[in-house]
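Results of the structural survey
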Amino acid sequence: MAAEREVRRTQGHRVSVPASTLDGEARSASPSRGAPVRRTAAHASRRNRIGLAFTLPALIVVGAILAYPLLYLLYLSFSTYRPLSSAEISWAGLDNYVRLFTDSTVANSLAVTLQFTLASVLIEIVLGTACAILLANVMLGARGRGSRIAARLLGSAYIIPFAVPAVAGAYAWRMVLDAQFGAVNAVLGTHTPWLVSYPMLSIVVIDSWKMMPFVLFVMLAAVMSIEPSQYEAAELDGAGAVRQLFSITLPSVLPVMVITAAFRAVDAFTKVFDTVFATTGGGPGDATRVFPLLIWRTAFTHLDFGNASAQAIAALAISLVFGGALLFTQRRNAS
Amino acid sequence: MTISYAARKRLGVNASALVLTVVAVVMLLPMLWMAFTSIKPDSGIFSKTPLRWPESLTFDHYANLFTQFHFGTSFVNSTVIAVVTVVVSVVVGGLASYGFARYPFRGSGLALALLMVARMVTPAALVVPLYVIMQTLGLLNSVTGVIVGVTVLNLPFVIWILKPFFETVPREIEEAAELDGLSPVAVFFRIVLPLARPGIMTAVLYSFLAGWTDLLFPMTFITDDEVMPLTSSLLQMQTGYKIYWGELMAGGVVLTLPAVILCFALQRYLLRGLRTGY
């Protein structure tokens, strides 16, 4: 997707080539769309049926387990369902939606999620891009077998935070940040309860720690694909390292940076859960009750499914609008 | 004083390497702290000088995981969830992805776009209706419910990640095989799958991680110790009265190691997935 490139073929057909074919595993992209395959109506409808048959299992699964529950969610959002007081699901009209706008926890949660998203994506993009540029520098500058292996190992180390399951990472950070027995306080000689005193900062740092490597590796591919001849020409013109960074490197990777930031933002907004649940738990008070956590708490702590469903619908609407806009702009840029 | 160009360049590379090493070490510290804490005796964990190397190291916390916190069954449950997620996602998703890549049909563009949108569904929004449905079906407290939730959120990702790989398989090979009398399904399993192996490995890795690391579905659906995977078992070490820090850290290590080892072993595919899938 982001890295998929459209290549114009001589026959005038568009063939998309995945990044994999560009990083050393070149395979012949099929030119046979122009080959003499008979294009009769019967042939076309047969291909149509085959295509449908291949995709049918997936469409059934997604339809049954995603589309149906989401429709059911819509129904629940117009209902009152509190399993603790009554097992009955009764019609509530727009009550749950009215509460979306009158309940201050909803507005607060949206604000918290927005802060979290902006801060963590900003840190991830800045640090990730900086590290990617440094790593590309090291990898391209490595001479000899030994230093090349060292450069690879250095890059591999950054995989770890990304590979660590979010819950495990969250608990590791909790121990690191613990007021009495944590490493950070031991080094500083303080007893700061970080998760209580600086809850938002804490979850932003933890999320950035986990997702910065993702940005790093995406940006690394972008930096490495810049033509070396551009730098050689700049050097002949006497441009220094700083000048090269701002005139060649950053402008070249800017489009990838923007797309990556947008995808990260949608992801951060919709999927942040484990990290917050296992560290601050949304607190203190509701200082870090991000939106997915609010939905979950409303449903499974307060056992108010109707209200939770309306919140969930709101979350879906938000991600649909942002995600849709993102896809639309990306598609328009690609064509 | 002037420094030669080559020397300046050398200096730049070394400085970059130094900065990156420092950042990498800092980023590894939380997990190292977790591992270190897990092998400290309780007196070393709850000490005024937690940085100091304890007098003795112990694997008691790891032993407790299996005697007090049913980690043996949890490990099996996590494995079952991850493996079934992999099989279902890759078979069903692979077939669909191939259909989309090779046999575009009327409405397939729309279906693909909808699958893309499905990737942006908030898992916490899906878990609410799915909980009520699973309750009606009697599938709460079973790994099936968790597998269903994880797989449906993973499937769109697998379809998108595999599509470019199927598109690069030369069409002539498939056409030749079809002329030889192989059915499209046979072509897919016998010819295309082996050729798209890098893509399949990428899908396998990400599907495994999705199943192995998921917390939301098990913590919502499962209350029975015997069916819990590792992720939600970890939450049990934090009770209202006490947090079993030693066991929690040991459990975190047990949960983390398989994921990290797998990511290192399949590093190429991990990085490729980052570039094509997101």
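Residues numbered from 1 in each chain as written. Chains lettered and ligands numbered in written order. Predicted model: local features only at pLDDT ≥ 70, side-chain atom pairs only at ≥ 80, totals over all residues.

In terms of regular secondary structure, chain A is built from 15 helices and four strands. A buried classification covers 41% of the 335 residues belonging to chain A. Taking all contacts inside chain A whose residues are at least 6 apart in sequence as the whole, residues at least 24 apart take part in 65%. (Helix = DSSP H or I, 4+ residues; strand = E, 2+ residues; numbered from the N terminus. Buried ≥ 20, exposed ≤ 12 C-beta atoms within 10 Å, placed from the backbone. Contact = placed C-beta atoms within 7 Å.)

Looking only at helices and strands, chain B features 14 helices and zero strands. Going residue by residue from the N terminus, the α and β elements of chain B occur as α-α-α-α-α-α-α-α-α-α-α-α-α-α. A globule of 278 residues ought to have a C-alpha radius of gyration of about 19 Å, yet chain B, at 24 Å, is considerably larger. In terms of principal-axis extent, the alpha carbons of chain B reach across some 75 × 75 × 30 Å. Residues counted as buried form 51% of the 278 residues belonging to chain B. (Rg over C-alpha atoms; globule rule 2.2 N^0.38 Å.)

The share of residues in chain B with pLDDT of 70 or more is 97%, and the mean pLDDT across the chain is 88. The complex prediction reports pTM at 0.86, with the ipTM value standing at 0.91. (pLDDT = per-residue confidence, 0-100.)

Moving on: the nonpolar core. Ranked by internal contacts, the top residues of the largest apolar core, which has 170 residues, are Met219 and Ile295 of chain A together with Ala125 and Val128 of chain B. Two domains share this core, each providing at least three of its residues, namely domain 1 (5–38) and domain 2 (71–277) of chain B. Among residues more than four places away in sequence, those in contact with Met219 of chain A are Gly128, Thr129, Ala132, Val253, Val256, Met257 and Thr260 of chain A. (Core = buried A, V, L, I, M, F, W, Y, C linked by C-beta atoms within 7 Å. Domains from an automatic or database assignment.)

All names here are of chain B. According to the domain assignment, chain B consists of domain 1 (5–38) and domain 2 (71–277). Centre-to-centre, using C-alpha coordinates, domain 1 lies 33 Å away from domain 2. With five residues of domain 1 at the contact, the number on the domain 2 side is seven residues. Across the side of domain 1 that touches domain 2, the residue classes break down as three nonpolar, two polar and no charged. (Nonpolar A, V, L, I, M, F, W, Y, C, P; charged D, E, K, R; others polar.)

Helix length check: helix H2 (residues 41–77) of chain A (37 residues) gives 46 Å between terminal C-alpha atoms against 54 Å at 1.5 Å per residue, more than 12% under. Residues Gly51, Phe54, Thr55, Ala58, Val62, Leu66, Pro69, Leu73, Leu76 and Ser77 of chain A constitute the buried set of H2 of chain A. (Expected span 1.5 Å × (residues − 1).)

The next thing to look at is the interface of chain B and chain A. In this assembly, 89 residues from chain B lie in contact with 88 residues from chain A. Among the elements that make up the side of chain B that touches chain A, the one with the highest residue count is helix H1 (residues 5–38) of chain B (17 residues). Here the residues of the side of chain B that touches chain A sort into 66 nonpolar, 16 polar and seven charged.

All names here are of chain B. Taken N-terminus to C-terminus, the directions of helix H6 (residues 123–137) and helix H7 (residues 143–168) make an angle of 145°; their axes are 11 Å apart at the nearest point. At the point where H6 passes H7, the crossing takes the right-handed sense. Of the residues in H7, those touching H6 at Pro123, Leu126, Val127, Leu130 and Met134 are Gly145, Gly149 and Leu153. Looking at the contact of H6 with H7, its residues break down into six nonpolar, two polar and no charged. (Axes fitted to C-alpha atoms, helices over the stretch in contact; angles between N-to-C directions. Left-handed = near helix turned anticlockwise from the far one by under 90°.)

Within the fold, Ala41 of chain A resides in helix H2. On a C-alpha basis, the gap between Ala41 of chain A and Ile259 of chain A in space is 40 Å, while along the polypeptide they are 218 residues apart.

Right, let's talk about the environment of Pro83 of chain A for a bit. Following the sequence through the fold, Pro83 of chain A ends up in the loop between strand S3 (79–80) and strand S4 (90–91). In this structure, the C-alpha to C-alpha distance between Pro83 of chain A and Leu303 of chain A, residues 220 residues apart in sequence, is 6.5 Å.

Residues of helix H9 (residues 184–195) of chain B that are buried: Pro184, Val187, Phe188 and Val192 of chain B. Taken end-on, H9 of chain B shows its buried residues confined to a sector of 95°, consistent with a single buried face. In H9 of chain B, those exposed residues whose orientation departs by more than 90 degrees from the buried face are Ala186, Arg190 and Pro194 of chain B. Lining the buried residues of H9 of chain B we find H2 of chain A together with helix H4 (71–102), H7 and helix H8 (171–179) of chain B. (Arc of directions from axis to C-beta.)

Moving on, we get to unusual backbone geometry. Backbone geometry places Leu303 of chain A, a non-glycine residue, at a positive phi of 50°. The topology assignment puts Leu303 of chain A in the loop between helix H14 (291–300) and helix H15 (305–334). The residue His70 of chain B is not glycine, and still its phi comes out positive at about 40°. Along the chain, His70 of chain B turns up in the loop between helix H3 (60–68) and H4.

What follows deals with the confidence of the model for chain A. Confidence along chain A averages 82 in pLDDT terms, with 87% of residues attaining 70 or more. A low-confidence stretch, residues 1–36 of chain A (pLDDT under 50), is modelled with 54 contacts involving residues beyond four sequence positions or located in other chains.

Before going further, it helps to spend a moment on the packing of helix H4 (residues 104–141) of chain A against helix H10 (residues 199–224) of chain A. Any two packed helices are characterised by the angle at which their axes cross and by the distance between the axes. Residues and elements named next belong to chain A. Relative orientation of the contacting elements H4 and H10 amounts to 40°, with a least axis distance of 6 Å. Taken as axis vectors, H4 and H10 run oblique relative to one another. For H4 against H10, the interelement crossing comes out right-handed. The residue makeup of the contact of H4 with H10, split by class, is 21 nonpolar, five polar and two charged. (Parallel < 35°, antiparallel > 145°, perpendicular 65-115°, else oblique.)

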